[in-house]
Amino acid sequence: MENENQKVGGGEDFVQNKPRKSLKRKLDSRDISAVLEDACSEPLDTLLKPAFPPLKKEKLADGTEIRKVPVPRHRYSPLKENWMKIFEPIVEHLKLQVRFNLKTRCVEIRTCKDTVDIQNLQKAADFVRAFILGFEVEDALALVRLDDLFIDSFEVTDVKMLKGDHLARAIGRVAGKGGRTKYTVENVTKTRIVLADSKIH
């Protein structure tokens, strides 16, 4: 008992500190706007809204932008056969330049002086990419005409892990006998489907 009452270290008693109250100042929205307006000469409304002027051709590095779409070997011959169908809408309607680079095996699309809208470059790239994935030219052309269309791809194994014959049967069920199931799904959902091995576009 006496030992407990003795002072430890021969010095002073331990004093427990009182918790400090937070000294944060609560500002009203009026005070905040007043402080910001004092700091900047512009009003608060113009500071909160970002101002992004539309990008013009002159502001690009040399006035041109380019998109490259790689072409796999098995799509060379369909690309050759349908080149004029792909070439005409890109050059005549979208006012872009297009070429097939044999060294890099890519379709290169770029803007020129006649290009009206830079967004046409992305539309043309999506159009070519859709054809390379296996869509018909007429179906891929809808990406150029309509704004709310897009391409989505997934593999059958993303839905369920299947191997060997089980995978082949699953792909066969998606296609159906003579492609009936695929056509039914396309007509009901108003989409186009391409079955490329285990990938579905």
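None of the values given here were measured: they were computed from a predicted structure. Here the residue numbering is sequential within each chain, running from 1 through the sequence in written order. For a predicted model such as this one, the threshold for reporting local features is a pLDDT of at least 70, and the threshold for listing and counting side-chain atom pairs is 80 or more; totals across whole chains, interfaces and linings nevertheless cover every residue. Side-chain metrics in this entry use all non-hydrogen atoms of the structure; hydrogen atoms and water are not considered.

**Focus on the overall build of the protein**
Thinking step 1. Across its full length, the protein carries ten helices and six strands.
Thinking step 2. A simple rule labels every residue: compare its accessible area, found with a 1.4 Å probe on the protein chains alone, to the largest value its type can have, and call it buried under 20%, exposed over 50%, or partly exposed in between. Out of the 201 residues belonging to the protein, those deemed buried represent 26%.
Thinking step 3. For the protein, contacts bridging at least 24 residues in sequence account for 51% of all contacts bridging at least 6. Here a strand is any run of E in DSSP of at least two residues, a helix any run of H or I of at least four, and the numbering for each starts at the N terminus. Contact definition: two residues touch when any of their heavy atoms are within 4.5 Å.

**Digging into the sheet that holds strand 3 (residues 106-110)**
Two modes of strand pairing occur in sheets, parallel and antiparallel, and in both the strands are linked by backbone hydrogen bonds.
Thinking step 1. Strands pair, by our definition, only if DSSP identifies at least two bridges between them. The three strands are arranged 1-3-2 in an open sheet whose pairing can be described as antiparallel. Edge positions in the sheet fall to strand 1 (66-70) and strand 2 (97-101), since each has one partner strand and no second. Ignoring which end each strand starts from, the neighbouring axes of this sheet average 20° apart. Axis geometry follows a simple rule: fit a line to the C-alpha atoms, using only the stretch in contact for helices, then measure angles between N-to-C directions, giving values from 0 to 180 degrees.

**Observations concerning the pattern of salt bridges**
Thinking step 1. Salt bridge, as applied in this entry: a Lys or Arg side-chain nitrogen positioned within 4 Å of an Asp or Glu carboxyl oxygen. This model, assessed by the stated rule, comprises four salt bridges.
Thinking step 2. Among the ionic pairs, R99 bridges to E108, the shortest N-O distance being 2.8 Å.
Thinking step 3. When its relative accessible area of 7% is taken as the criterion, E108 is described as buried.
Thinking step 4. In this structure, the salt-bridge partner of K123 is D147, at a minimum N-O distance of 3.1 Å. One end of the pair, K123, is in helix 6 (residues 119-133); the other, D147, is in the loop between helix 7 (137-145) and strand 4 (154-155), and 24 residues separate them in sequence.
Thinking step 5. A relative accessible area of 21% places K123 in the partly exposed class.

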